[in-house]
Amino acid sequence: MAEPFSWRHRIRPVTGRDHEERTMNTIAQHWINGQWSGSGSVLESINPADGTVVGSFYDGGEAEASAAVDAAVAAFEATVWARSPSLRATALSRLAAALEARVPEVAAMLSRENGKLLGETTWEVSGAVGWLGYAAASARTQTAGRAAETAPGQYTHSVPEPLGVAGIISPWNSPIMLTVRALGPALAAGCTVVVKLPAQTALTNELFAQVLASVPEIPAGVVNVFTESGNTGAPFLVSSDKVGVINYTGSTPIGRRIAAAASTTLKRLGLELGGKAPMVIFPDADLDMVIPTVVQSLVLMNGQFCCTGSRVLVHRDIADQMRTRLTAALAQVRIGSGDDEKAQLGPVIDRASAQRVDAIVEEAASYGTVLLRGGVVTEGPLAAGAFYRPSLIEVDRTDVRIVQEEVFGPVQTFEIFDDEDDAVTKANATIYGLAASVFSSDSMKARRIARRIRTGTVWINTWGAISEDFEEGGVKGSGYGYLCGPRAIEEFQALKVYVEQDHTQSAH
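Residues numbered from 1 in each chain as written. Predicted model: local features only at pLDDT ≥ 70, side-chain atom pairs only at ≥ 80, totals over all residues. Heavy atoms only, no water.

Draft legend 1. Representation of the overall build of the protein in the model. Each helix and strand in the protein was counted, giving 15 helices and 24 strands. Radius of gyration (C-alpha) of the protein: 24 Å, near the 23 Å computed for a compact globule of 508 residues. Taking the principal axes of its C-alpha atoms as reference, the protein extends roughly 80 × 70 × 40 Å. Across the 508 residues that make up the protein, the buried fraction comes to 58%. Partitioning the contacts of the protein with sequence separation of at least 6, the portion at a separation of at least 24 is 74%. (Helix = DSSP H or I, 4+ residues; strand = E, 2+ residues; numbered from the N terminus. Rg over C-alpha atoms; globule rule 2.2 N^0.38 Å. Buried < 20%, exposed > 50% of the residue type's maximum accessible area, 1.4 Å probe, protein only. Contact = heavy atoms within 4.5 Å.)

Draft legend 2. View of the environment of Ala-352. One can find Ala-352 in helix α12 (residues 351-364). On a C-alpha basis, the gap between Ala-352 and Ala-108 in space is 24 Å, while along the polypeptide they are 244 residues apart.

Draft legend 3. Representation of the UniProt feature "domain: Aldehyde dehydrogenase" (unreviewed entry) in the protein within the structure. Per the UniProt record, the feature "domain: Aldehyde dehydrogenase" (unreviewed entry) sits at residues 41-496. Helix makes up 39% of residues 41-496 and strand 22%, with an end-to-end C-alpha separation of 44 Å. (UniProt positions renumbered as here; feature names shortened; annotations may be inferred.)

Draft legend 4. Region of the structure containing the sheet that holds strand β16 (residues 369-372). Read from one edge of the open sheet, seven strands run β16-β19-β20-β15-β14-β21-β22, paired in mixed fashion. In the strand order of this sheet, the two ends are held by β16 and β22 (457-460), each with one partner. Sheet twist, expressed as the mean angle between neighbouring strand axes with direction ignored, is 25°. In this sheet, strand β19 (residues 391-394) lies alongside β16 in antiparallel orientation, the contact comprising three bridges. Its bridge partner being in β19, Val-370 is matched across the sheet by Ile-393. Helix-sheet contacts for helix α11 (residues 319-331) involve β14 (278-281), β15 (311-315), β16, β19 and β20 (411-417), and the interaxial angle to β20 is about 170°. Against the sheet, helix α15 (residues 443-452) makes contact with β21 (435-439) and β22, and its axis sits at roughly 165° relative to β22, the strand it touches most. (Pairing = 2+ DSSP bridges. Axes fitted to C-alpha atoms, helices over the stretch in contact; angles between N-to-C directions.)

Draft legend 5. Spatial organisation of helix α4 (residues 103-114). Taking 1.5 Å as the rise per residue, α4 with twelve residues should run 16 Å; its terminal C-alpha atoms sit 16 Å apart, in good agreement. Those residues of α4 that fall on the buried side of the exposure criterion are Val-103, Val-106, Ala-107, Met-109, Leu-110, Ser-111, Glu-113 and Asn-114. The inward-facing, buried residues of α4 contact β5 (41-46), β6 (53-59), α3 (85-100), α5 (118-141), α6 (175-189) and α7 (202-213). Taken from the residues just after α4, Gly-115 is the one with a positive phi, measuring 85°. (Expected span 1.5 Å × (residues − 1).)

Draft legend 6. Spotlight on the packing of aromatic side chains. Across all of its chains, the model carries five aromatic pairs by this definition. On the numbers, 4.7 Å between centres and 55° between planes, the contact of Trp-31 with Trp-36 is tilted. The class of Trp-31 is buried, set by a relative accessible area of 13%. On the basis of relative accessible area, Trp-36 is assigned to the partly exposed category, the value being 35%. When the ring of Phe-305 is compared with that of Trp-463, the centres are 6.0 Å apart and the planes differ by 85°; the resulting orientation is edge-to-face. Placement of the pair is Phe-305 in the loop between α10 (287-299) and β15 and Trp-463 in the loop between β22 and β23 (479-480), with a sequence separation of 158 residues. Here Phe-305 matches Trp-463 in class, with each residue buried. An aromatic cluster is defined as three or more aromatic residues linked by ring pairs; in this entry it consists of Phe-305, Trp-459 and Trp-463. The aromatic ring of Tyr-482 is capped on one face by Arg-487, whose charged end is 5.2 Å from the ring centroid. (Phe/Tyr/Trp six-rings, centres within 6.5 Å; stacked < 30°, edge-to-face > 60°. Lys NZ or Arg CZ within 6 Å of the ring centre and 35° of its normal.)

Draft legend 7. Expanded view of the state of the cysteines. The tally for this structure, following the rule as stated, stands at zero disulfides. Just so you know, Cys-307 is unpaired, no disulfide at all, and the nearest cysteine sulfur is the one on Cys-306, 3.9 Å from it. (Disulfide = S-S within 2.5 Å.)

Draft legend 8. The pairing of strand β7 (residues 146-151), seen in detail. As paired strands, β7 and strand β8 (residues 154-162) are joined by five bridges and run antiparallel to one another. Directly across from Ala-151, in β8, lies its bridge partner Gln-154. A loop of two residues connects β7 with β8, the two strands running antiparallel in sequence, and Gly-153 in this loop sits at a positive phi of about 80°.

Draft legend 9. Looking closely at a nonpolar patch on the surface. A cluster of nonpolar residues, Leu-495, Val-497 and Val-499, forms a patch on the protein surface that exposes about 300 Å² of accessible area. Mapping Val-499 onto the fold places it in strand β24 (residues 493-501). (Patch = residues over 30% accessible without salt bridge, like charges linked within 9 Å, V, L, I, M, F, W, Y side chains within 5 Å. Areas by Shrake-Rupley, 256 points an atom, 1.4 Å probe, with all protein chains shown as cover. Salt bridge = Lys/Arg side-chain N within 4 Å of Asp/Glu carboxyl O.)

Draft legend 10. Spatial organisation of the pattern of salt bridges. One pass over the full model with this rule turns up 22 salt bridges. Between Arg-373 and Glu-362 there is a salt bridge, with the nearest N and O atoms lying 3.0 Å from each other. With Arg-373 in the loop between β16 and β17 (375-376) and Glu-362 in helix α12, this residue pair connects regions lying eleven residues apart in the sequence. In this structure, Arg-401 and Glu-405 form a salt bridge, with 3.0 Å as the shortest nitrogen-oxygen distance. On the accessibility criterion, Arg-401 (33% relative accessible area) is partly exposed. Relative accessible area serves as the criterion here: at 39%, Glu-405 is assigned to the partly exposed category. Each member of the salt-bridge network shares a partner with another, and the members are Arg-181, Glu-272 and Glu-472.

Draft legend 11. Quick peek at unusual backbone geometry. Residue Met-301 is not a glycine yet carries a positive backbone phi of 60°. Examined against the element boundaries, Met-301 turns out to sit in the loop between α10 and β15. By relative accessible area, which is 7% here, Met-301 ends up buried. For Cys-484, which is not a glycine, the phi torsion comes out positive at approximately 70°. The residue Cys-484 is located in the loop between β23 and β24 in this model.

Draft legend 12. Quick look at the UniProt feature "active site" (unreviewed entry) in the protein. Per the UniProt annotation, the sites labelled "active site" (unreviewed entry) are Glu-272. Secondary-structure assignment places Glu-272 in strand β13 (residues 268-272). For Glu-272, a relative accessible area of 7% gives the class buried. A polar atom in the side chain of Glu-272 sits 3.0 Å from the side chain of Arg-181. (Polar contact = N/O pair within 3.5 Å; in protein donor to acceptor, adjacent residues only side chain to side chain.)

So this is what it looks like as structure tokens:
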């Protein structure tokens, strides 16, 4: 997943005369305690498709995080938010409607800032609307407890209560959807929230904050949003004893750091971390369906997705056919900017990332067979952007870097297996356990393999299908906790048990 703590290499400070000129325009601000805050240094957000300036923003840090936490604490204690499920349900429903009304605007800005195709960003923002609607229903239906007479005259009941202030740390690859899938259940549970959003999507962040600010049912301080390019605000949220729960989406190394830092306060954690999704393909699979699905699993979000189909595991009997067809299909992928309706693949987040991905591919060429050498686009009208053409590397070992580490770019490995046991062994050969796909016309075999693959999600004869109705989460190095579905709200609740005794009756 994307690294949300520190990606300064594509954020340029604004100084001198340039600063004086740009302050005449709107500068994206933080939303803290129901007010816009223009604190921090002023930086520029860069369009990865062409290197142009999208706009400027105030860069937050520990000061903004601290102010946001204090506001959230005050709102939790002084307002009825935590004690009114009906208010929360109404607020979430109206938040969904407010976001729906601005889908085109938010999606267009997100496409300019993080490079995703406009169709993808539109799907992301539209999907977030549905997730908010689900959260609104959860506020009404998942805040009741149980009650029973556990002994004569002894009455016991349990009530789920909000954990207090929730900190949400979101990445740049899908900042709206990955924020909303935690924000929705946190608000439904009755938490107040501080959201740390990434600098790469700063103007999008403010648009989302504007949507939040437009909902009068959300009291000041209940939701606070700040943007940060550095790494002081997010760690403050993790270490603060005023924050009861942290939800983080990002890389596994940072997830480990968060888990260690959060141990001092023993706060609740939800971590969705990296992935190396294997695509396991058997000889009886429909290759006319498989090939475009595998290609889509690589190019969606420009290869910068925790569930990117980065490992193609192919049965030996169809290896030659798959190798030829997949190589040809990837070679034909059309690259272009987010507003190019014919493009299948946009730029990676910045030019430094394109160079990083290329270095991994170059290293892999020393121990694997290069089936398709994509690479950084250095000529033509796209040369000013951070474009990277797809690469496909065949490897016969699972202990190599390109198999074991998340590349976060449009790069796939091609690996061959001999039988079911070999397929499972290779699919499970990394520390990651977020998602996988199995392709076979034999449904019992597909389910048998899916059962043995250690991931939170397994798609059978498809890839990337998600729904607000069912949980998302990983195992192993891909983290823990669930978002979406009925369990999501539980990540932000604690259970309190009350016991009352009627002393006119015997408890024995």
